[in-house]
Amino acid sequence: EVQLVESGGGLVQPGGSLRLSCVASGFTFSYYDINWVRQAPGKGLEWVSAINSRGGRTYYADSVKGRFTISRDNAKNTLYLQMNSLKTEDTAVYYCATGGAYVHPPTVVAGDFGYWGQGTQVTVSS
């Protein structure tokens, strides 16, 4: 059974940091490019970041560039998103999803990606 399980979300003050993780199982993680996608309350899906299968190429949405860092450890079947200088507008459910590693349009749909996790809530509030 294919599974992507996100963790690491929570409540943080503006300017704070969080590190999200996504653990994969049931498929050969190291073969897949993978993305982070988020959904704010009442809004559509927003692409955040992507990394290629070997981890050598990374891509970011303009809204998070310079603040977020995507990485992966293929030996641990795990994807990460280090989020620094968090803003209230970063509040969303964050999903990991398999899909091409390139700069996606800001708004995406579920069909643009393959396997999805269940998401982890990130709330940035004072």
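Our subject is the structure that appears above.
Residues numbered from 1 in each chain as written. Predicted model: local features only at pLDDT ≥ 70, side-chain atom pairs only at ≥ 80, totals over all residues. Heavy atoms only, no water.

### Quick word on the environment of Arg54
The residue Arg54 is located in the loop between strand S5 (45-51) and strand S6 (58-60) in this model. In this structure, the C-alpha to C-alpha distance between Arg54 and Asp90, residues 36 residues apart in sequence, is 27 Å. (Helix = DSSP H or I, 4+ residues; strand = E, 2+ residues; numbered from the N terminus.)

### So, the pattern of salt bridges
Should the charged atoms of two oppositely charged side chains come close, the side chains can pair. Considering all chains together, one arrives at four salt bridges under this definition. The shortest N-O distance in the salt bridge between Arg38 and Asp90 comes to 2.9 Å. On the criterion of sequence distance, the pair formed by Arg38 in strand S4 (residues 34-39) and Asp90 in the loop between strand S8 (78-83) and strand S9 (92-98) is long-range, its members being 52 residues apart. Grouping residues by exposure puts Arg38 and Asp90 together as buried. The salt bridge involving Asp62 is made with Lys65; its shortest N-O contact spans 3.2 Å. Because the salt bridges share partners, they merge into one network encompassing Arg38, Glu46, Arg67 and Asp90. (Salt bridge = Lys/Arg side-chain N within 4 Å of Asp/Glu carboxyl O. Buried < 20%, exposed > 50% of the residue type's maximum accessible area, 1.4 Å probe, protein only.)

### A closer look at the state of the cysteines
Evaluated as defined, the whole model comprises one disulfide. A sulfur-sulfur distance of 2.0 Å marks the disulfide that ties Cys22 to Cys96. The chirality of the disulfide connecting Cys22 with Cys96 is right-handed, given an S-S dihedral of about 65°. With Cys22 in strand S3 (residues 18-25) and Cys96 in strand S9, this pair connects stretches of sequence that are 74 residues apart. Owing to a relative accessible area of 0%, Cys22 belongs among the buried residues under this scheme. With relative accessibility at 0%, the residue Cys96 sits in the buried group. (Disulfide = S-S within 2.5 Å.)

### What about the pairing of strand S1 (residues 3-7)?
Burial along S1 is one-sided: Leu4 and Glu6 are buried, while Gln3, Val5 and Ser7, pointing the other way, are not. One ladder, built from five bridges, connects S1 with S3; its direction is antiparallel. Counterpart to Val5 in the pairing with S3 is Val23. (Pairing = 2+ DSSP bridges.)

### Section: the pairing of S9
The side chains of a regular strand alternate, residue by residue, between the two faces of the sheet. Among the seven residues in S9, six count as buried, and that is most of the element. Here six bridges tie S4 to S9, and the two strands are oriented antiparallel to one another. Each bridged residue has a counterpart across the sheet, and for Trp36 the counterpart in S9 is Cys96.

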